[in-house]
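# Coordinate analysis (summary)
Given next are the chains, with one letter for each unit.
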Amino acid sequence: NEYEALRKAYEAGIAVFAAAGNDDSDTLAYPACYGKMVCSVGALQQDGRKAYFSNYNSIVRVAFPGLDINSTSKSGTSSYEVMSGTSMACPVATGTAAVILSGASDIPALKNLTGSKKVDALISIMQKNAVKSPSAGMGAGTTYLPKVFGITPDRADAVPAAPVFDQPNKTTFT
């Protein structure tokens, strides 16, 4: 069943993100309502406030942009379409988590963790490094990646070093 699959994923160290729902309600959709095993994601509009449709409550853990998002589409004359929903916010949250996990070796709170402890630490990092929404029920808000990695504004604007190709078929960065 769904609950057992989510529990096993959580215990194996797999972070599951789920859209909170689009009913402008304090009731969450499944699987977003499974508490600690799932990171429930609310949707924000451009000013950081709750999107008019987003579900909200104390189980929402983070919230990301979800209004007027350019997304791929099979309908219409274009491959892209502007869409809104917590299902648009959820991939942004998941991508943010992936960036954090890609730098886990530089984040002491994630080093050497496995299983549910790794998932708990990841969500905690996302929440502790978030910009809070002024709207109630939107969890910790939106994770600010420069804060996660200790990047100051002067470093954020710095031009990265160019790659050095010193061996065939291998890229190294200096």
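Throughout what follows, the structure given in this document is the object of discussion. Just so you know, these numbers come straight off a predicted model, no measurement behind them.

### Here's the deal with the packing of helix α2 (residues 86–102) against helix α3 (residues 115–128)
Running from N to C, α2 and α3 cross one another at 110°; their axes reach a closest spacing of 11 Å. The orientation of α2 with respect to α3, classified from their angle, is roughly perpendicular. Seen from α2, the contacting residues are Ala93, Thr96, Ala97, Ile100 and Leu101; seen from α3, they are Lys118, Leu122, Ile125 and Met126. Grouping the amino acids of the contact of α2 with α3 by side-chain chemistry returns 7 nonpolar, 1 polar and 1 charged.

### Brief notes about the packing of aromatic side chains
Here a ring pair, both rings aromatic, is described through the centre-centre distance and the interplanar angle of the planes. Counted by the stated rule, this structure contains 3 aromatic pairs. Summarising the aromatic geometry, the rings of Tyr52 and Phe53 are spaced 5.0 Å apart at their centres and angled 85° between planes, so their arrangement reads as edge-to-face. Given the relative accessible area of 59%, Tyr52 is considered exposed. Each member of the aromatic cluster is reached from another via a ring pair, and the members are Tyr3, Tyr30 and Tyr34.

### Here we look at the pairing of strand β3 (residues 60–65)
With 5 of 6 residues buried, β3 lies mostly within the body of the structure. With 5 bridges joining them, strand β2 (residues 38–44) and β3 adopt parallel strand pairing. Among the inter-strand pairings, Ser40 is bridged to a residue of β3, identified as Val60.

### Description of the pattern of salt bridges
Per the counting criterion, the structure on display carries 5 salt bridges. For Glu4, the salt bridge goes to Arg7, with nearest N and O atoms at 2.5 Å. Of the two residues, Glu4 and Arg7 both sit in helix α1 (residues 2–11), 3 residues apart, roughly one turn of that helix. By relative accessible area, which is 30% here, Glu4 ends up partly exposed. Linking Asp120 and Lys36 is a salt bridge whose minimum nitrogen-to-oxygen distance equals 3.5 Å. Separated by 84 residues along the polypeptide, Asp120 in helix α3 and Lys36 in the loop between β1 (16–19) and β2 bring together distant segments of the chain. For Lys36, a relative accessible area of 52% puts it in the exposed group.

Parameters at a glance
Residues numbered from 1 in each chain as written. Predicted model: local features only at pLDDT ≥ 70, side-chain atom pairs only at ≥ 80, totals over all residues. Heavy atoms only, no water. Axes fitted to C-alpha atoms, helices over the stretch in contact; angles between N-to-C directions. Helix = DSSP H or I, 4+ residues; strand = E, 2+ residues; numbered from the N terminus. Parallel < 35°, antiparallel > 145°, perpendicular 65-115°, else oblique. Contact = heavy atoms within 4.5 Å. Nonpolar A, V, L, I, M, F, W, Y, C, P; charged D, E, K, R; others polar. Phe/Tyr/Trp six-rings, centres within 6.5 Å; stacked < 30°, edge-to-face > 60°. Buried < 20%, exposed > 50% of the residue type's maximum accessible area, 1.4 Å probe, protein only. Pairing = 2+ DSSP bridges. Salt bridge = Lys/Arg side-chain N within 4 Å of Asp/Glu carboxyl O.

Distances and angles like these do not, on their own, reveal function.
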